[in-house]
Amino acid sequence: METPTVLRKIVARKFEEIREREQKVNRDQLLQIIKDNNDTPRGFVNGMEQKVAQGHAAVIAEIKKASPSKGVIREDFYPGEIARSYARGGAACLSVLTDVDFFQGSNEYLQQVRLEVDLPVIRKDFIVDEYQVFEARAIGADCILLIVACLQPERLKALNELAMELGMDVLVEVHNAEELETALQLPNRLIGINNRNLHNFEVTLDTTFDLLQSIPDDRMVVTESGINTIDDIAAMRGHNVNAFLVGEAFMRADDPGHRLMEMFN
Ligand SMILES: O=P(O)(O)OC[C@@H](O)[C@@H](O)c1c[nH]c2ccccc12
């Protein structure tokens, strides 16, 4: 048997969580909620492209209380306030962790944030089943994350198509060359490169630099995790990487949006 890495533990728990949730709100009910909400997704890819077209970095600013690798990152955690701060600081889009058991996130946080600001929002979770894609749209997500490391290629493709049918964008996340090859089979504009290995939490920005060479110019590369300094940003921009997903560096600052502005301007 393979050793249960953190990612495998999280995914095993996800399947249980989905079963529990489905008991309370089934798929048909989720569809009804989506219909009743009558909400049009905000263009996530569009938001990113606009920033880059203006010559700016496109920053996805993350709202994350805790993580399995770092424990609690931010004690005073008011997602609506953080979202407003990020909007003032010039974020292109927001990311909200909704995983409860490992990241102390929640669906309610995403719902609050979406009411608070006009920015597009990605649901950051470990999506392994259609149920979660419907749920994402039902709580107002404009985009979902699909992590190639948690999914068989056929499943990845099916979940990606479902998200698109629901009008959402998808950030496809990879960490190595094999996963990248799988991701490039999809037509998606955004390719996320996670600098953190989700099996052992090791972080190196070389993950992005190494994989970059194999990505055609018509994709937008989002470098994810471990972006902590102005030098990190300069190194990325020097390689023509202009889209960033940043959590911890902002969340540890008193005013997260102000920190965003300091780091990116
Ligand atoms: O806090 P950081 O190091 O700036 O990282 C943010 C983001 O990249 C990270 O939270 C993340 C990237 N991919 C994920 C998948 C699941 C959970 C979390 C993540």
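Residues numbered from 1 in each chain as written. Predicted model: local features only at pLDDT ≥ 70, side-chain atom pairs only at ≥ 80, totals over all residues. Heavy atoms only, no water.

The chain has the name Indole-3-glycerol phosphate synthase in an unreviewed UniProt entry, where Halioxenophilus aromaticivorans is given as its organism. Turning to the chain, the UniProt annotation filed under Sequence similarities (unreviewed entry) states: "Belongs to the TrpC family." Recorded in UniProt under Pathway (unreviewed entry), the annotation for the chain is "Amino-acid biosynthesis; L-tryptophan biosynthesis; L-tryptophan from chorismate: step 4/5." (UniProt positions renumbered as here; feature names shortened; annotations may be inferred.)

> Quick rundown of the nonpolar core? Include the residues and the values.
Met48, Tyr86, Leu94 and Phe264 are the most contacted members of the largest nonpolar core, which has 90 residues in total. Contact partners of Tyr86, with chain neighbours within four places excluded, come to Ala61, Glu62, Ile63, Ala91, Leu94, Gly247, Phe250, Met251, Pro256, Gly257 and Leu260. (Core = buried A, V, L, I, M, F, W, Y, C linked by side-chain atoms within 4.5 Å. Buried < 20%, exposed > 50% of the residue type's maximum accessible area, 1.4 Å probe, protein only. Contact = heavy atoms within 4.5 Å.)

> Break down the pattern of salt bridges for me, with residues and values.
Following the criterion strictly, the structure yields 26 salt bridges and no others. Here Asp129 makes a salt bridge to Arg27, at a shortest N to O gap of 2.8 Å. Placement of the pair is Asp129 in the loop between strand S5 (121–124) and helix H6 (130–138) and Arg27 in helix H2 (residues 27–37), with a sequence separation of 102 residues. Note on Arg27: relative accessible area 27%, which makes it partly exposed. (Salt bridge = Lys/Arg side-chain N within 4 Å of Asp/Glu carboxyl O. Helix = DSSP H or I, 4+ residues; strand = E, 2+ residues; numbered from the N terminus.)

> If you had to explain the environment of Gly226 to someone new, which residues and values would you point to?
Summarising the element assignment, Gly226 is placed in the loop between strand S9 (220–224) and helix H10 (230–238). Residues Gly226 and Ala158, 68 residues apart in the sequence, show an inter-C-alpha distance of 30 Å. Apart from residues lying up to four places away in sequence, Gly226 is in contact with Arg196, Val203, Leu205 and Asp232.

> Any chance you could break down the side chain of Thr98 for me, citing the residues and the numbers?
Along the chain, Thr98 turns up in the loop between strand S4 (93–97) and helix H5 (107–116). In terms of polar contacts, Thr98 uses its side chain to reach the side chain of Asp125, at 2.6 Å. Residues contacting Thr98, with those up to four places away along its chain left out, are Gly105, Ser106, Asn107, Leu110, Arg123, Lys124, Asp125 and Ile139. (Polar contact = N/O pair within 3.5 Å; in protein donor to acceptor, adjacent residues only side chain to side chain.)

> Before we move on, could you go through the packing of aromatic side chains and cite the residues and values that matter?
Tallying each qualifying case throughout the model produces five aromatic pairs. With a centroid separation of 6.4 Å and 65° between ring planes, the pair formed by Phe250 and Phe264 is classed as edge-to-face. One end of the pair, Phe250, is in helix H11 (residues 248–251); the other, Phe264, is in helix H12 (residues 256–264), and 14 residues separate them in sequence. Here the aromatic cluster, defined as three or more aromatic residues joined through ring pairs, consists of Tyr86, Phe244, Phe250 and Phe264. (Phe/Tyr/Trp six-rings, centres within 6.5 Å; stacked < 30°, edge-to-face > 60°.)

> Describe in detail helix H4 (residues 79–89), supporting the description with residues and values.
Among the residues making up H4, those that are buried are Pro79, Gly80, Ile82, Ala83, Ser85, Tyr86 and Gly89. Where H4 is buried, its residues contact strand S1 (58–63), S4, H5, H11 and H12. Where H4 terminates, the next one or two residues include Gly90, which has phi positive at roughly 95°.

> Any details on the UniProt feature "domain: Indole-3-glycerol phosphate synthase" (unreviewed entry) in the chain? Residues and values, ideally.
With numbering matched to this structure, UniProt assigns "domain: Indole-3-glycerol phosphate synthase" (unreviewed entry) to residues 7–259. Summarising residues 7–259: 45% helix, 17% strand, and an end-to-end C-alpha distance of 30 Å.

> Describe the sheet that holds strand S6 (residues 143–147), naming the residues involved and giving the relevant values.
Strand pairing in a sheet is mediated by backbone hydrogen bonds. Such pairs are either parallel or antiparallel. The eight strands are arranged S1-S4-S5-S6-S7-S8-S9-S10 in a closed barrel whose pairing can be described as parallel. Neighbour-to-neighbour, the strand axes of the sheet open up by a mean angle of 25°, direction not taken into account. Two strands pair when backbone bridges link them, and strand S8 (residues 190–194) and S9 are joined in this way by five bridges, in the parallel orientation. Along S9, the bridge assignment pairs Leu190 with Met220. (Pairing = 2+ DSSP bridges. Axes fitted to C-alpha atoms, helices over the stretch in contact; angles between N-to-C directions.)

> I'd like a rundown of unusual backbone geometry, residues and numbers included.
Phi is positive for Asn38, close to 50°, though the residue is something other than glycine. Mapped onto the elements, Asn38 comes out in the loop between H2 and helix H3 (44–53). Phi at Ser225 is positive, roughly 80°, even though this residue is not glycine. You can see Ser225 is positioned in the loop between S9 and H10. Residue classification places Ser225 among the buried positions, given a relative accessible area of 14%.

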